[in-house]
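Report on the structure
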Amino acid sequence: MYTLLIPLAVMGLLALVLWWASNLDTDKAHQKDYGLLREVATVPSTTAARFVEQRLHDVGVAATTVPTEDGERLRVLVFPADQETAVRTLLKD
């Protein structure tokens, strides 16, 4: 009798845990944290992102590009020490 009851109890417990885990708010889990990097631009395409990165590279600012949370645009990120220079460079012209 116990040989059937114990596996059924374990399966029921696992089902409860899985149900609970599937109902958690996962919005925060899908957001990416890029540590110290700060966003200086959001652009619509990889071509625009490469242009911004090159412009920043020309003034000595290292930049990286990551997709936005919705996946439709790209964010250009720099280190905090370079943020002011990057913003000034991008606002020129």
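Read on for an overview of the structure.

Rules and cut-offs
The numbering scheme is per chain: residues are counted from 1 as the chain's sequence reads. Where totals are concerned, whole chains, interfaces and linings use all residues; where local detail is concerned, this predicted model gives features only for residues with pLDDT of at least 70, and gives and counts side-chain atom pairs only at 80 or more. Side-chain numbers come from the whole structure's heavy atoms, not from hydrogens or water. Going along the chain from the N terminus, every DSSP run of H or I of four or more residues is numbered as a helix, and every run of E of two or more is numbered as a strand. Counted as a polar contact is a pair of N or O atoms within 3.5 Å, where, for protein atoms, one must be capable of donating a hydrogen and the other of accepting one, and residues adjacent in sequence contribute only when both atoms are in side chains. When checking whether two residues touch, look at their non-hydrogen atoms; a contact exists if any pair is within 4.5 Å. Any residue with relative accessible area above 30% and no salt bridge may belong to a patch, with like charges joined within 9 Å and the nonpolar Val, Leu, Ile, Met, Phe, Trp and Tyr side chains within 5 Å. The accessible surface values rely on the Shrake-Rupley method and a 1.4 Å probe; as for residues, cover is taken only from the protein chains in view. For this document, the term salt bridge refers to a Lys or Arg side-chain nitrogen within 4 Å of an Asp or Glu carboxyl oxygen. Strand pairing is assigned whenever DSSP detects at least two bridges linking the two strands. Helix axes use the C-alpha atoms of the stretch in contact, all axes being lines fitted to C-alpha atoms, and the angles between their N-to-C directions lie in the range 0 to 180 degrees.

Within the fold, R75 resides in strand β3 (residues 74-78). Engagement of the side chain of R75 in a polar contact is seen with the side chain of E39, the distance being 2.7 Å. Excluding its chain neighbours within four sequence positions, the residues that come into contact with R75 are Y34, E39, A41, T42, T64, T65, V66, P67, T68 and E69.

What follows is about a nonpolar patch on the surface. Taken together, Y2, L5, I6, V10 and L14 make up a surface patch of nonpolar side chains, about 540 Å² in accessible area. As for its placement among the helices and strands, L14 is situated in helix α1 (residues 2-22).

Our focus in this paragraph is the sheet that holds strand β1 (residues 38-43). Strand order in the open sheet made by the three strands is β1-β3-β2, with antiparallel pairing throughout. Two strands lie at the open edges of the sheet, namely β1 and β2 (63-67), each paired on one side alone. Shown here is a sheet whose adjacent strand axes are inclined to one another by a mean of 30°, direction ignored. Relative to β3, β1 is paired through five bridges, and the arrangement is antiparallel. Pairing of A41 across the sheet is with V76, part of β3. Sheet contacts for helix α3 (residues 46-58): β1, β2 and β3; angle to β2, the most-contacted strand, approximately 160°. Sitting on the sheet, helix α4 (residues 80-91) is in contact with β1 and β3, with an inclination near 35° to β1.

Glancing now at the side chain of T68. Relative to the helices and strands, T68 is located in the loop between β2 and β3. Setting aside anything within four residues of it in sequence, one finds T68 in contact with T42, R73, L74 and R75.

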